[in-house]
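Now for the letters of each chain:
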There are 8 protein chains.
Amino acid sequence: MKSLLEDVLKKVHKGKLTPEEALNTLKDYPYQDLTFAKIDHHRELRKGYPEIIYGLGKTDEQIITIAQEIINKKSNLLITKVGESTFKNLKKKIPQAKFNPLAKTISLKQQKLVSGKGKISIITAGTSDIPVAEEAAVTCEILGNEFDKIYDVGVAGLHRLFGEYNKIKQARVIIAVAGMEGALPSVIAGVVDIPLIAVPTSVGYGASMKGLAALLAMLNSCPGGVGVVNIDNGFGAGYLASLINHL
Amino acid sequence: MKSLLEDVLKKVHKGKLTPEEALNTLKDYPYQDLTFAKIDHHRELRKGYPEIIYGLGKTDEQIITIAQEIINKKSNLLITKVGESTFKNLKKKIPQAKFNPLAKTISLKQQKLVSGKGKISIITAGTSDIPVAEEAAVTCEILGNEFDKIYDVGVAGLHRLFGEYNKIKQARVIIAVAGMEGALPSVIAGVVDIPLIAVPTSVGYGASMKGLAALLAMLNSCPGGVGVVNIDNGFGAGYLASLINHL
Amino acid sequence: MKSLLEDVLKKVHKGKLTPEEALNTLKDYPYQDLTFAKIDHHRELRKGYPEIIYGLGKTDEQIITIAQEIINKKSNLLITKVGESTFKNLKKKIPQAKFNPLAKTISLKQQKLVSGKGKISIITAGTSDIPVAEEAAVTCEILGNEFDKIYDVGVAGLHRLFGEYNKIKQARVIIAVAGMEGALPSVIAGVVDIPLIAVPTSVGYGASMKGLAALLAMLNSCPGGVGVVNIDNGFGAGYLASLINHL
Amino acid sequence: MKSLLEDVLKKVHKGKLTPEEALNTLKDYPYQDLTFAKIDHHRELRKGYPEIIYGLGKTDEQIITIAQEIINKKSNLLITKVGESTFKNLKKKIPQAKFNPLAKTISLKQQKLVSGKGKISIITAGTSDIPVAEEAAVTCEILGNEFDKIYDVGVAGLHRLFGEYNKIKQARVIIAVAGMEGALPSVIAGVVDIPLIAVPTSVGYGASMKGLAALLAMLNSCPGGVGVVNIDNGFGAGYLASLINHL
Amino acid sequence: MKSLLEDVLKKVHKGKLTPEEALNTLKDYPYQDLTFAKIDHHRELRKGYPEIIYGLGKTDEQIITIAQEIINKKSNLLITKVGESTFKNLKKKIPQAKFNPLAKTISLKQQKLVSGKGKISIITAGTSDIPVAEEAAVTCEILGNEFDKIYDVGVAGLHRLFGEYNKIKQARVIIAVAGMEGALPSVIAGVVDIPLIAVPTSVGYGASMKGLAALLAMLNSCPGGVGVVNIDNGFGAGYLASLINHL
Amino acid sequence: MKSLLEDVLKKVHKGKLTPEEALNTLKDYPYQDLTFAKIDHHRELRKGYPEIIYGLGKTDEQIITIAQEIINKKSNLLITKVGESTFKNLKKKIPQAKFNPLAKTISLKQQKLVSGKGKISIITAGTSDIPVAEEAAVTCEILGNEFDKIYDVGVAGLHRLFGEYNKIKQARVIIAVAGMEGALPSVIAGVVDIPLIAVPTSVGYGASMKGLAALLAMLNSCPGGVGVVNIDNGFGAGYLASLINHL
Amino acid sequence: MKSLLEDVLKKVHKGKLTPEEALNTLKDYPYQDLTFAKIDHHRELRKGYPEIIYGLGKTDEQIITIAQEIINKKSNLLITKVGESTFKNLKKKIPQAKFNPLAKTISLKQQKLVSGKGKISIITAGTSDIPVAEEAAVTCEILGNEFDKIYDVGVAGLHRLFGEYNKIKQARVIIAVAGMEGALPSVIAGVVDIPLIAVPTSVGYGASMKGLAALLAMLNSCPGGVGVVNIDNGFGAGYLASLINHL
Amino acid sequence: MKSLLEDVLKKVHKGKLTPEEALNTLKDYPYQDLTFAKIDHHRELRKGYPEIIYGLGKTDEQIITIAQEIINKKSNLLITKVGESTFKNLKKKIPQAKFNPLAKTISLKQQKLVSGKGKISIITAGTSDIPVAEEAAVTCEILGNEFDKIYDVGVAGLHRLFGEYNKIKQARVIIAVAGMEGALPSVIAGVVDIPLIAVPTSVGYGASMKGLAALLAMLNSCPGGVGVVNIDNGFGAGYLASLINHL
């Protein structure tokens, strides 16, 4: 916030703003109040990215209202954890929006973002982990990154992973998605020196405890170089990967 | 119970009650037995508030019977954690009752309560936390309090919170509602010296463990001045805030 | 922070501060940097209370250095979760400081604080819960409150609690401390209409899970009016009680 | 099993059985093999009670086949944790069977059992706990016990409990059923000297963790004399209470 | 409490007590206040048993003071969860007291209690479970019960259990103590029709989770007739067994 | 993988492969890439068994495509954790496939496998555990093993188990399936010297915590000789049993 | 137990035993009662192995008494989870006994056991896992098995594992020991078709939760063929491996 | 591993290696076998960093032997989670090694590493979190990174954090270390667009559950851009930060 503060202080100093006006500027500028939501348009300046809408627990009406405001500002749109019925309602107002049925995301690119410097490898242990990987992929795309998808190369058949070793080695960041025993990120981190974001998934049953087993395994990864995000949090992995890829 | 006891003892002493009558008075007076429920009409005297009906796990028939008895006594009515279908059934018997679809509450004000001395600030971290905040708001209202609603000012964009700082600072009690990482109450408690009731919500997924993450965070709040209630317990927060606000 | 900001802005407006000086003021004023700790002297103004030192995990040297700076500012001193050996070292530098061996606190009153308006009742379920209650008591005292101690009145003999009912009823705030099944706060909240702060303790064994059983019980208290703090957090209870008592 | 063994050994000794026949007797006698279930008809002799059918996870066909075999042996029938649709199917084959929609039990009394010596008090904290209490009541009944139902006397209004104190004091065994903070059994055990079976229920939300909070509270009951059964296990409580009541 | 109340009311009615005196009687009679502890001498009348001192978390001084008051009233003394060093200090004041080094109890019989009607079988799965069984045994003894000790008959060698079958079958109540997989109570409950109190112990390591595995197993016991107490709670088992045995 | 490597190295040595061709061989040979899945045809050589399809979390389309590729290679087919609707879709493409409605498996035997050396005993504690046992049975069958099914012989009536003792004693491997308190594997392991695979099931409620209680009990089995698989993992038990039976 | 029963029945039939004598035989034969322990000498016949002494929670005196009885019967001795001080005391009575300071075991071979048919591979992920592996090795040895130790080949450097691939491939049973993320067993099970016993260890900190993370990972192993034992249970792994190796 | 494989294949192709020699090369080259440990010297080539020794659970002798081999190869040395007594023993053999008493690390720089491109900000919430931050700092240093230490700026006094905002904004990677409620990383991630590695610490008590509360909070961080490592895993954070900083 400092640059904003600096700017305001300078204006006050030069007499261009009264203290009262300055306080108002600081209070009113950075977000737009819809009562039930305060859209953070300033984030695009502050953090380089538009505000992403987390769909869970919001009504369709709330989602659509927020989405329209973002669209009006010509920002890119990304809504995560959202069902097809919401999409159908939203489409009436924003017909160009796209739905990814695996990733459960709605998105719309209106603006070109600065491209990331390298490629992001998005890798899954199994076929059932693909929805989470797709959420990561959609996020990487809307934030301006190139990526490879390498799916179903888990530890039940390590040679499948090694068959993709060359491709993986060339990534600038790796997103490794796995449920069950969650061993894939540890195995990959053991053979490469690339920042790796581990995403546990809720794939599994019984003692997988809805992804807790995979989460704990990843947090305890014996090889270093692994940062972990929440269970099924493809978005979070894509966002962090994009930050790193844009360095 | 002492005043009741004192009163009875005095009557016994003056010969106005036999010991047997005294025992009956003590046994029969304070509640009304509906077999499946014992309505605590005495609570209004003892605790200053009417009995609130917790809707979960009760049949519509049970809820309506209890509600009617409360209405008959001219008390205010509040039913929490209750669905719209119950409301439709109840409305046939109590047509003036009102349903709040976000808060999932049924209420009816019949009696004016003593007003609280100040304002209660009800603050949420996100839009998805609003239903819990609304349950708190309905409770604050039925118990005779003024309040401000300040929604969607979580740590993902702290400047939104600071934009509301002046309003918050004037509250007598704060109710801070947050899911996910549950950081909002700690952040607020770090900048004000006002009693704060923290309400974790089940908003989130995966390692949020249905609100457990937020609950633990709030219990471990580094700044002091924070009391925590159950996950999604908007009612409990409103009730405690009202007690404090009426001091 | 607004009043500080307002003040600075006014000075800038009047030409008494350059923007650069203003930024420095905002940056340098409110805390004192000891490298390993940043003492928040501003808190006394902002929150009405001095910074309290949480002793766990700090070296004796760190604790003593921070304590001396607080003493130098003529503030009141409170250090919690601290052992007797630390006290012995600290006493060489701050000979007037006092150690409470049950509460495991070091304190020194240098300044009179505004008195709270009523009394705080500090109640324990058992004798083993007393150390946590004493931490609450020391905190209440250093923050300017009167209080009653009512110890060992848990549900194993409810008549002991009712024997103290008159005293409890006159409190402005109640702190109820219990381990094991943690039923005491619920029982008290069922018979009074006073804000109650519940403190679970780690007293117990086996399925008490170091206080988790009592914590969960208190969070699920059927009667309303209960706010919960962390297990064994006597300080947090005293601090919140004091905020309420000063309203 | 010793009496059976003794009997067989005596017959072998007297030449009434060959060793081979003896082995067959021991192997074949005590249960009836339906491939998917082995009905323990011997239990009625060995344990004094018929085998009770636990309905969860069994197909309707399996339940009905087992029930018919029990009916054919003229035993009393009790099926727990069973839905109304199963009852409708079963009724076609066993038209006299009765369904308790609150308790979710099917039962049929064909045989008089020895009566228990005293009364069992079945007490609930709230209205929402009644289904579990009803499962206990049905079980007590089918096993030959008299009982009182005392519902909705939890700690939110202790005077309701004390109003029933005389009735409770006369019980030979108490079953105390509570969800949420689970304090009721501890409170009762603090004022009577009667064996008490505590039944936690899944009534509650959030930090009640589907009854875990109440379970832990009951296991940590400060007053003695409390034995705990599984969450929502009304049957288990009724069964144990009946064993004690028949001593 | 009713009889006390009745008695007081009658005296008030007959003019033998003023209301003020009556209130004082009710308040002062039933316990003795040592500030840090309120000894419940009334319990002996109310519950038939003296107050037992739970040693954990109490200072030696507190324990000894309470013990002396109990001794002065000519009650029997039982202190649980207490170390040998406490015993050495206590012996100076109460030289006749006895320490059980396995059970970690101090006891002194001054008064004969009414004998229980039958025998209590105290059974352990392994040798390592003996200390908990001994705590149960000491408790049974001080409360006036006969008992058998049957140790080390767990499921690793079921024939050892069956070798004791005759003895077990004659018990009026069974206390079954087991750590690790906690299967013993379920196995016994499957072959007898006697009330069984299951005591999980913290014997084991790793996934035994300090007794949690055994506790959960016992709560889920497939055969009925099992009531569970806290992990390592030999006292609680003995107390409940004694209540049942005195019916 | 060594034999493959050896083979390739030899070919390179003899000039039959260039290093580039060798690398391609190593990379491309062992699996078939369907983008969303990489079928491990090499597994049949490497591990002696075909790849089994885990159905949970896969779309019908994905399952059917993978199944067809396996069928095309003349391998045996096994799909686990799959619903009847998937089977109906799959049947259109692979009409000979069979569905086991209890086990929730689809299978098709096209190839005879080497027979295991002995019999596998598949034992359940209750009727509700049968679906998991059936998954194990289907797996044992498709992998070339003979087996006995011994159902409903849990600890609630141990004599039922002992009635089957002779059959069990002759097994080469035992699979013991139990929910609730999970005691059956420990009891069996206490009386035989045969490798035993314990399968906890999610049968139960409340403190069974969806099979966690049974899982912990089995991991803490006092008798040795017990290996545990995931909750409800009939497939895993059958697979491991088959490996042992083929030694 | 059937052969014993058969034998006794035959003797009764031939008049060589009275029923009373038969009952005594059945009751007294199979174990030796030391009051605090019942040594299962019959196990050697029944299960092929001597009783192993689990040291945790037993006093030195108890351990030594049991050990002497086993030594007197000329059985092999194995004591697990035992400290060096116990060994020093035991050595005075059994001077030939040996202590393994890593494995924390005392053992003495007096009798040759039948050799297992193949080799057991004992593999650890790290150096810190060696103590658990050593407990497994001592157990394998005392039960008559050959084994290889392959230590420190975890996923942080997979090529170390593949360097040992030839040795591992030749094992008849594999014991894979790992803490932290517990990925090693899954990786090995992915490349061999050999029964694998996975042993989680408590190596790690924080979210390893004393081995729980590794335990959950192993239970969720994506490749099949993995049976899991308790955390740090080297003995259990060795015992099960020996059973399999002797098939 | 591909480059190694390529190289070997080329040599085989050119006849410079026989297949047997090639296999030996592949097997023997990359690590050094000390029986109890296999040092991964190849890692320096493969991953760019030397093998770091995790000290927990290793004997002093093991640590020193491994350290000497690393020193002999002229690699940089880092040992984590190690006590001062180990350092004293190690110093006799490697006198130049340095011990950091806060971080509990031993290190020795022998070789200059490629410098990272920017600065890493290492930030703690409190003074008690410093040891974990120091472990991160030592790791950053040995891996060739510049860094700032910003300690004690947690949410209890947010203005302390904002006072350091300019410094933080210039970092290329942020490491945010916090115990208790773990809010700091979320707050920072809400105001910057820099990759952030969150390190929960075990600072706290009661419901902090040894860092679990902070861990869960960080995994659920509402703002994106946060990757989490294990509780107290300063090393892991430093390692991942270094990987990112060297991109």
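1. As for the interface of chain H and chain A
Across the contact, 31 residues belong to chain H and 32 residues belong to chain A. Both sides of the chain H and chain A interface together cover about 2900 Å² of buried area, and 60% of this is carbon and sulfur. The interface formed by chain H and chain A includes zero salt bridges. Counting across the chain H and chain A interface gives three residue pairs in polar contact (both at pLDDT 80 or more).

2. Considerations on the relation of the copies chain H and chain A
Relative to chain A, chain H is turned by 180 degrees and slid 0.0 Å along the rotation axis, the superposed coordinates differing by an RMSD of 0.1 Å. Here the copies are linked by what is in effect a two-fold axis. When you check the interface residues of chain H against chain A, 100% turn up at the interface there too, and the contact is symmetric in its surfaces.

3. Structural notes on the pattern of salt bridges
Residue and element names in this part refer to chain C. Tallied over the entire structure, the rule returns 40 salt bridges over all chains. Between Glu164 and Lys167 there is a salt bridge, with the nearest N and O atoms lying 3.6 Å from each other. Classification of Glu164 as buried rests on a relative accessible area of 9%.

4. Remarks on the packing of helix α6 (residues 130-142) of chain D against helix α11 (residues 234-245) of chain D
Residues and elements named next belong to chain D. With their axes 7 Å apart at the nearest point, α6 and α11 run at an angle of 35 degrees to one another. As for how α6 packs across α11, the hand of that crossing is right-handed. Mapping the contact onto sequence places Val132, Glu135, Ala136, Thr139 and Cys140 in α6 and Gly234, Phe235, Gly238 and Tyr239 in α11. Here the residues of the contact of α6 with α11 sort into five nonpolar, three polar and one charged.

5. As for the sheet that holds strand β4 (residues 77-80) of chain C
Residue and element names in this part refer to chain C. In space, the four strands of this open sheet follow the order β3-β4-β6-β5, with mixed pairing throughout. Only two strands of the sheet have a single partner each, and these edge strands are β3 (53-54) and β5 (98-100). Examined bridge by bridge, β4 and strand β6 (residues 105-108) share three bridges and lie antiparallel to one another. Paired with Leu78 across the bridge in β6 is Ser107. Lying over the sheet, helix α4 (residues 60-72) contacts β3, β4 and β6, oriented at roughly 160 degrees with respect to β4. Sitting on the sheet, helix α5 (residues 84-93) touches β4, β5 and β6, and the angle it makes with β5 is about 175 degrees.

6. Observations concerning the pairing of β6(C)
Residue and element names in this part refer to chain C. Covered by surrounding structure in β6 are Thr105 and Ser107 together with Ile106 and Leu108, the residues of both alternating faces. Where β5 meets β6, three bridges bridge the pair, whose relative direction is antiparallel. Counted as the bridge partner of Asn100 is Thr105 from β6. If you look at the hairpin formed by β5 and β6, you'll find four residues sitting between the two strands, and Lys104 has a positive phi there, around 55 degrees.

7. Examining the packing of aromatic side chains
All names here are of chain C. Within this structure, the stated rule accounts for 24 aromatic pairs over all chains. Ring plane angle 55 degrees and centroid distance 5.6 Å describe the contact between Phe235 and Tyr239, whose orientation is recorded as tilted. Taken as a pair, Phe235 and Tyr239 lie in helix α11 (residues 234-245) at a separation of four residues, close to a single helical turn. With relative accessibility at 15%, the residue Phe235 sits in the buried group.

8. Structural notes on helix α5 (residues 84-93) of chain B
Residues and elements named next belong to chain B. Every buried residue belonging to α5 is among Thr86, Phe87 and Leu90, and all of these are buried. The arc that holds every buried residue of α5, seen down its axis, measures 95 degrees, which confines them to one face. Among the exposed residues of α5, those oriented more than 90 degrees off its buried face are Ser85, Lys88 and Lys92. In this structure, the buried side of α5 is in contact with α4 (60-72), β4 (77-80), β5 (98-100) and β6 (105-108).

9. A word on unusual backbone geometry
Residue and element names in this part refer to chain D. Positive phi, normally seen in glycine, also occurs at Lys81, with a value near 50 degrees. Checked against the element boundaries, Lys81 lands in the loop between β4 (77-80) and α5 (84-93). Even without being a glycine, Asp152 presents a positive backbone phi close to 70 degrees. Position of Asp152 relative to the elements: it lies in the loop between β8 (146-150) and α7 (158-163).

10. Some remarks on the side chain of B:Gln62
Within the element layout of this structure, B:Gln62 appears in helix α4. Setting aside its immediate chain neighbours within four residues, B:Gln62 contacts B:Phe36, D:Thr127 and D:Ile130.

11. Examining the environment of E:Pro131
Residue and element names in this part refer to chain E. One can find Pro131 in helix α6 (residues 130-142). Measuring from C-alpha to C-alpha, the distance between Pro131 and Phe147 comes to 16 Å, with 16 residues separating the pair along the chain. Ignoring sequence-local partners within four residues, the contact set of Pro131 consists of Leu102 and Ala103.

12. Considerations on the environment of D:Gln96
In this structure, D:Gln96 sits in the loop between α5 and β5 (98-100). Spatially, the C-alpha atom of D:Gln96 lies 24 Å from that of D:Gly57, the residues being 39 residues apart in sequence.

13. Brief notes about the sheet that holds strand β6 (residues 105-108) of chain E
Residues and elements named next belong to chain E. Across the sheet, four strands lie side by side as β3-β4-β6-β5; this open sheet has mixed pairing. The sheet terminates laterally at β3 (53-54) and β5 (98-100), the two strands that pair on one side only. Relative to strand β4 (residues 77-80), β3 runs parallel, the two being bridged by two bridges. By the bridge assignment, Ile53 is partnered in β4 with Ile79. Contacts from helix α4 (residues 60-72) reach β3, β4 and β6, with the element oriented near 160 degrees to β4. In this fold helix α5 (residues 84-93) packs onto β4, β5 and β6, with an angle of close to 175 degrees to the strand it touches most, β5.

14. A closer look at the pairing of strand β7 (residues 119-124) of chain F
Within a regular beta strand, the side chains point alternately toward one face of the sheet and then the other, so they alternate between its two faces. Residues and elements named next belong to chain F. Most of β7 is tucked away: five of the six residues are buried. Alignment of β7 against strand β8 (residues 146-150), held across five bridges, turns out to be parallel. The partner of Ser121 across the bridge, within β8, is Asp148. With respect to chirality, the unit in which β7 leads through helix α6 (residues 130-142) into the neighbouring parallel β8 is right-handed. Bridge count for β7 against strand β9 (residues 173-178) is five bridges, and the pairing is parallel. If you follow Ser121 over to β9, its bridge partner there is Ile174.

15. Considering the state of the cysteines
Scanning all chains against the criterion turns up zero disulfides over all chains. Considering cysteine sulfurs only, B:Cys140 is the nearest to C:Cys222, which forms no disulfide, with 19 Å between them. On the accessibility criterion, C:Cys222 (38% relative accessible area) is partly exposed.

16. Observations concerning the confidence of the model for chain A
The predicted model of chain A has a mean per-residue pLDDT of 87, with 87% of residues at 70 or higher. The ipTM for the predicted assembly is 0.86, set against a pTM of 0.90.

17. Digging into the environment of A:Ala137
Residue and element names in this part refer to chain A. Tracing the sequence through the fold places Ala137 in helix α6 (residues 130-142). Relative accessible area serves as the criterion here: at 3%, Ala137 is assigned to the buried category. The contacts of Ala137, once residues within four sequence positions are left out, are Ile122, Phe147 and Lys149.

Scoring rules and cut-offs
Residues numbered from 1 in each chain as written. Chains lettered and ligands numbered in written order. Predicted model: local features only at pLDDT ≥ 70, side-chain atom pairs only at ≥ 80, totals over all residues. Heavy atoms only, no water. Contact = heavy atoms within 4.5 Å. Buried area = accessible area lost by both parts, 1.4 Å probe. Salt bridge = Lys/Arg side-chain N within 4 Å of Asp/Glu carboxyl O. Polar contact = N/O pair within 3.5 Å; in protein donor to acceptor, adjacent residues only side chain to side chain. Least-squares fit on C-alpha atoms with pLDDT ≥ 70 in both. Buried < 20%, exposed > 50% of the residue type's maximum accessible area, 1.4 Å probe, protein only. Axes fitted to C-alpha atoms, helices over the stretch in contact; angles between N-to-C directions. Helix = DSSP H or I, 4+ residues; strand = E, 2+ residues; numbered from the N terminus. Left-handed = near helix turned anticlockwise from the far one by under 90°. Nonpolar A, V, L, I, M, F, W, Y, C, P; charged D, E, K, R; others polar. Pairing = 2+ DSSP bridges. Phe/Tyr/Trp six-rings, centres within 6.5 Å; stacked < 30°, edge-to-face > 60°. Arc of directions from axis to C-beta. Right-handed = clockwise from strand over helix to strand, strands pointing away. Disulfide = S-S within 2.5 Å. pLDDT = per-residue confidence, 0-100.

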